[in-house]
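Summary of the model geometry
The lines below spell out each chain.
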Amino acid sequence: MKVNNVYSILIEDWDEEVTGVFQKEGKEWILMIDNQNDFIAEGCRFIHKTKVDEILREEGEIFKEKIFAKKYPELTIKENYELNSSEKLFSKIMEQNSLIHFDTDDEEEMVVGKIINVTSNGFELRSLTEDAHWGESIFCDYAEISTLAIGNDYLNSLSLLLD
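Let us look at the structure shown here. (Residues numbered from 1 in each chain as written. Predicted model: local features only at pLDDT ≥ 70, side-chain atom pairs only at ≥ 80, totals over all residues. Heavy atoms only, no water.)

**So, helix H1 (residues 59–71)**
Quick reminder of the rule: Secondary structure counts use DSSP, requiring at least four H or I residues in a row for a helix and at least two E residues in a row for a strand, with both numbered from the N terminus. In this analysis, the expected span of each helix is defined as 1.5 Å times one less than the number of residues it contains. Burial classes follow relative accessibility: with a 1.4 Å probe on protein chains only, a residue under 20% of its type's maximum area counts as buried, one over 50% as exposed, and anything between as partly exposed. This arc corresponds to the set of directions leading from the helix axis out to the C-beta atoms. Should any heavy atoms of two residues lie within 4.5 Å, those residues are counted as being in contact.
In this model, H1 (13 residues) spans 18 Å end to end at C-alpha, consistent with the 18 Å of a helix rising 1.5 Å per residue. Among all positions in H1, only Glu-61, Glu-65 and Phe-68 are buried. Taken down its axis, H1 places every buried residue within 70° of arc, on the same side. Exposed residues on H1 whose side chains face more than 90 degrees from its buried face are Glu-59, Lys-66 and Lys-70. Its buried side turned inward, H1 meets strand E1 (6–11), strand E2 (17–25) and strand E5 (52–56).

See the structure below:
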């Protein structure tokens, strides 16, 4: 994959693909600028490489890329994320105190919260409800995570309601 090109990634057992602007790839994770809606590029999307089924670059991706090049001429992620190690990646995100959302094998299930502890095989998350109330703490194994997002409008909007 080439930096600043648009790709769609099919995830194992999902019907929908994840589309974004490729930034960087490591041994365990792919980092993209997320494209969840139409022609909006925002936030970071980390794709777990073990969950990738297929990477697409067709007419739709090339068309979006032309728009993004004009709409976002300086489209880059300045933060340096460690993509070779899940533990290091999740530790950095925890240090940033970022609100995250992640997906598992069930593409309909999205979990939102903040990472509160990181171990060698997973992380503990303080979950956030849809109406921005803190919920229970849960432990998640890295192997369960298909994608992880930070810094998008949805998460930034929820953050406005947090203490």
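**Digging into the pairing of strand E3 (residues 29–34)**
Cut-off, in case you're wondering: Each pair of strands is called paired provided DSSP finds at least two bridges between the two strands.
A large share of E3 lies buried, amounting to 6 of its 6 residues. Across 5 bridges, E2 lies against E3 in antiparallel orientation. Bridge pairing in E3 links Val-21 to Ile-33.

**Focus on the environment of Lys-114**
Looking at the element boundaries, Lys-114 is found in strand E7 (residues 110–118). The exposure class assigned to Lys-114 is buried, which follows from its relative accessible area of 19%. As a C-alpha pair, Lys-114 and Ser-91 span 23 residues in sequence and 11 Å in three-dimensional space. Setting aside anything within four residues of it in sequence, one finds Lys-114 in contact with Asn-97, Ser-98, Leu-99, Glu-124, Leu-125, Arg-126, Trp-134 and Leu-162.

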